[in-house]
Amino acid sequence: MKEKKRAFITGITGQDGSYLAEYLIKKGYDVWGLMRRTSLDPLMRIHTMADDRSLKLRYGNLRDTSSLQRALEEAKPDEVYNLAALSDVGISFKCPEETMEVNYYGVSRLILEAVKVNKKVRIYQASTSEMFGTTKPPQNERSIFAPVSPYAEAKLMAYRDFVKGYREQYGYFIASGILFNHESPRRGEHFVTRKITVSLAKIKLGLQKSFSLGNLDARRDWGYASNYVTAMHAMLQQKKPDDFVVATGISHSVRDFVEEACKELDIPLTWKGKSLKEVGVTKGNKTIVTIDKEFYRPAEVRALCGDATKARTELGWKPKVTFEELVRMMTRADLEHYKKSL
Ligand code: GDD
């Protein structure tokens with residue numbers, strides 16, 4: 001009987017980790033997931049898989065070499081997916097050292113421990129569209145990187161030093177996905193899309209009166225996370241390690257996202273006022289959206305829109321969910337969830 005392939009996923013408890021684990025288990029892999037101890041329920045997104053014998057969860061941390069060593073020695077992976085990171089761009093301005101420790105040094109620790117266990121291991125590193133920073137869209141693999149946050153700086157340094165660097169110096173198989181924003185009902189609630197769908201669902205049900213946002217005019221290329229993890233896997237099945245942009249090629253503003261979610265929930269919305277005084281108002285002149293300086297970033301990536309031609313042609317990957325479908329999926333999931341609490 002053919003032996004099952006073994007995958008090791010850091011960040012298994014996050015949005016992407018949970019979708020990727022499901023995808024790989026369906027493909028017949030044995031999956032080892034590395035998770036950090038947190039005070040919140042770490043199994044929130046993976047509880048349906050928690051009893052699956054193909055999934056083994058181990059405690060560990062990209063800041064702790066011995067934990068990586070132990071888990072990797074047990075897993076002996078054919079493929080490693082590094083999805084663990086300090087992933088909140090806004091928070092990276094407040095915690096730059098921690099960001100560098102995890103998103104930069106952590107990547108090197110993981111790679112060096114993984115190749116000790118299996119020299120031929122194939123490694124996926126989660127790079128990010130944030131690395132393009134102020135470079136104007138559309139952005140692709142040949143665009144200039146111009147990061148503006150500690151998060152993006154650390155990711156870019158890891159990309160240069162450990163993805164490209166180790167690939168060229170030592171011939172390791174390390175691929176990297178330059179993923180544009182990807183969302184789902186499993187998205188963390190501090191990211192803007194989920195913050196909007198949770199808040200509006202609660203407003204619709206009378207559980208909340210209003211919520212605050214930062215820059216309404218930032219533009220992002222938003223796709224569906226479950227669809228994006230398939231590209232990660234495809235990258236590790238190529239003959240050679242390479243870098244790929246994964247994106248829908250269509251961008252929308254935060255304002256568009258709010259409007260689309262309101263449309264989906266049948267909440268009439270008009271914008272009034274300007275900049276920090278701008279508000280979103282509904283029936284009866286009730287303010288449901290306000291602007292708070294707190295949610296602006298010290299430096300902002302204004303517009304991202306990816307050109308995923310290379311992923312389409314070389315991986316056969318394509319975006320499968322439109323912006324409207326994504327907003328609908330997320331608002332409906334939150335509405336259903338909060339209805340249960342009534
Ligand atoms: N989080 C947040 N909260 N963002 C807001 C808010 C708010 O209240 N109001 C406006 N925004 C704007 C941000 O300034 C940014 O321009 C945009 O909404 C998207 O913010 P996030 O959802 O926090 O995501 P991100 O684009 O900064 O980063 C995400 O995508 C990257 C690319 O895939 C993260 O998932 C990164 O880890 C990832 O690399």
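Calculation criteria
- Residues numbered from 1 in each chain as written.
- Predicted model: local features only at pLDDT ≥ 70, side-chain atom pairs only at ≥ 80, totals over all residues.
- Heavy atoms only, no water.
- Helix = DSSP H or I, 4+ residues; strand = E, 2+ residues; numbered from the N terminus.
- Rg over C-alpha atoms; globule rule 2.2 N^0.38 Å.
- Buried < 20%, exposed > 50% of the residue type's maximum accessible area, 1.4 Å probe, protein only.
- Contact = heavy atoms within 4.5 Å.
- Areas by Shrake-Rupley, 256 points an atom, 1.4 Å probe, with all protein chains shown as cover.
- Lys, Arg positive; Asp, Glu negative; His and termini not counted.
- Charge placed at Lys NZ, Arg CZ, Asp CG, Glu CD.
- Domains from an automatic or database assignment.
- Buried area = accessible area lost by both parts, 1.4 Å probe.
- Salt bridge = Lys/Arg side-chain N within 4 Å of Asp/Glu carboxyl O.
- Polar contact = N/O pair within 3.5 Å; in protein donor to acceptor, adjacent residues only side chain to side chain.
- Nonpolar A, V, L, I, M, F, W, Y, C, P; charged D, E, K, R; others polar.
- 1 Å grid on protein atoms, 1.4 Å probe; cavity = no way out; pocket = protein on both sides within 12 Å on 5 of 7 lines; lining within 4 Å.
- Points joined across faces, edges and corners; volume = space filled by probe spheres on them.
- Near = heavy atom within 4 Å.
- Core = buried A, V, L, I, M, F, W, Y, C linked by side-chain atoms within 4.5 Å.
- Pairing = 2+ DSSP bridges.
- Axes fitted to C-alpha atoms, helices over the stretch in contact; angles between N-to-C directions.
- Right-handed = clockwise from strand over helix to strand, strands pointing away.

Caption draft 1: Spatial organisation of the overall build of the chain. Regarding its fold elements, the chain presents 10 helices and 15 strands. Relative to the globule expectation of 20 Å for 342 residues, the C-alpha radius of gyration of the chain, 20 Å, shows essentially globular dimensions. Relative to its full complement of 342 residues, the chain shows a buried share of 54%. Taking the contacts inside the chain whose residues are at least 6 apart along the sequence as the reference set, 76% of them involve residues at least 24 apart. Roughly 16,400 Å² of accessible area belongs to the chain as shown, and the carbon and sulfur atoms make up 50% of that amount. Of note, the chain has its 56 positive side-chain charges centred 2 Å away from the centre of its 43 negative side-chain charges.

Caption draft 2: Summary view of unusual backbone geometry. Backbone torsion omega between P137 and P138 reads -5°, so that peptide bond is classified as cis. Of note in the backbone geometry, K76 takes a positive phi value of approximately 45° without being a glycine. Of note, the phi angle at N285 is positive, near 55°, even though the residue is not glycine. Summarising the element assignment, N285 is placed in the loop between β14 (279-282) and β15 (286-291).

Caption draft 3: Summary view of the domain arrangement of the chain. Taken domain by domain, the chain comprises domain 1 (6-184 + 225-249 + 303-320) and domain 2 (192-218 + 253-300 + 327-339). Listed per partner, the contact involves seven residues of domain 1 and eight residues of domain 2. Of the roughly 650 Å² buried where domain 1 meets domain 2, counting both sides, 64% is carbon and sulfur surface. When the buried surface of domain 1 facing domain 2 is broken down by residue, F93, E183 and S184 rank first, second and third, together holding 55% of it. Taken together, the links from domain 1 to domain 2 amount to one salt bridge. In this structure, K94 and E294 form a salt bridge, with 3.6 Å as the shortest nitrogen-oxygen distance. Where domain 1 packs against domain 2, one counts one residue pair in polar contact (both at pLDDT 80 or more). Among the residues forming the side of domain 1 that touches domain 2, the class breakdown is three nonpolar, two polar and two charged.

Caption draft 4: A look at the layout of surface pockets. Size it by volume and the second largest pocket reaches roughly 250 Å³. In terms of lining residues, the second largest pocket is bounded by I203, K204, G206, Q208, K209, D266, I267, P268, T282, K283, K286 and I288. Of the residues that constitute the lining of the second largest pocket, the class distribution is four nonpolar, three polar and five charged.

Caption draft 5: Summary view of the site of the ligand. Near the ligand lie 23 residues; those nearest to it are S87, T128, Y151, R297 and E300. Within the side chain of K195, one N or O atom sits 2.7 Å away from an oxygen atom of the ligand. Contact with the protein chains hides 95% of the accessible area of the ligand, taken as 720 Å² for the molecule alone. In terms of residue class, the shell around the ligand is made up of 10 nonpolar, seven polar and six charged. If you count residues domain by domain, the shell around the ligand takes at least three from each of domain 1 (6-184 + 225-249 + 303-320) and domain 2 (192-218 + 253-300 + 327-339).

Caption draft 6: Geometry of the nonpolar core. Among the nonpolar cores identified, the biggest contains 98 residues, and F8, I9, V31, Y81, Y124, I196 and L200 are the most heavily contacted of them. In terms of domain composition, this core takes at least three residues from each of domain 1 (6-184 + 225-249 + 303-320) and domain 2 (192-218 + 253-300 + 327-339). If near-sequence neighbours (up to four positions away) are discounted, F8 is found in contact with W32, L34, A71, L72, A75, P77, E79, V80, Y81 and L110.

Caption draft 7: Region of the structure containing the sheet that holds strand β6 (residues 173-179). Pairing within the open sheet is parallel, and its seven strands lie in the order β3-β2-β1-β4-β5-β6-β11. Here the strands that pair on one side only, and so sit at the sheet edges, are β3 (55-59) and β11 (243-246). For this sheet, the mean angle separating the axes of adjacent strands, direction not counted, is 20°. Taken strand by strand, helix α2 (residues 65-75) contacts β1 (6-10), β2 (30-35), β3 and β4 (79-82), and its axis lies near 160° from that of β1.

Caption draft 8: Expanded view of the pairing of β2. In terms of residue burial, β2 counts as a mostly covered element, since six of its six residues are buried. Every second residue of β2 is oriented toward a common face, with D30, W32 and L34 on one face and V31, G33 and M35 on the other, all of them buried. One crossover worth recording links β1 to the parallel β2 by way of helix α1 (residues 15-26), and it is right-handed. Here five bridges tie β2 to β3, and the two strands are oriented parallel to one another.

Caption draft 9: Spotlight on the pattern of salt bridges. Enumeration over the complete set of coordinates arrives at 22 salt bridges. Where R187 meets E183, a salt bridge forms, and the shortest distance between an N and an O atom there is 2.7 Å. Side by side, R187 and E183 carry an identical accessibility label, which is buried.

Caption draft 10: Up close: the sheet that holds strand β13 (residues 270-272). Strand order in this open sheet of four strands is β8-β15-β14-β13, and the pairing throughout is mixed. Each edge of the sheet is formed by a strand with only one pairing partner; in this case those strands are β8 (211-213) and β13. With strand direction ignored, the average angle separating the axes of adjacent strands in the sheet is 30°. Packed on one face of the sheet, helix α6 (residues 192-204) meets β8 and β15 and runs near 160° to β8.

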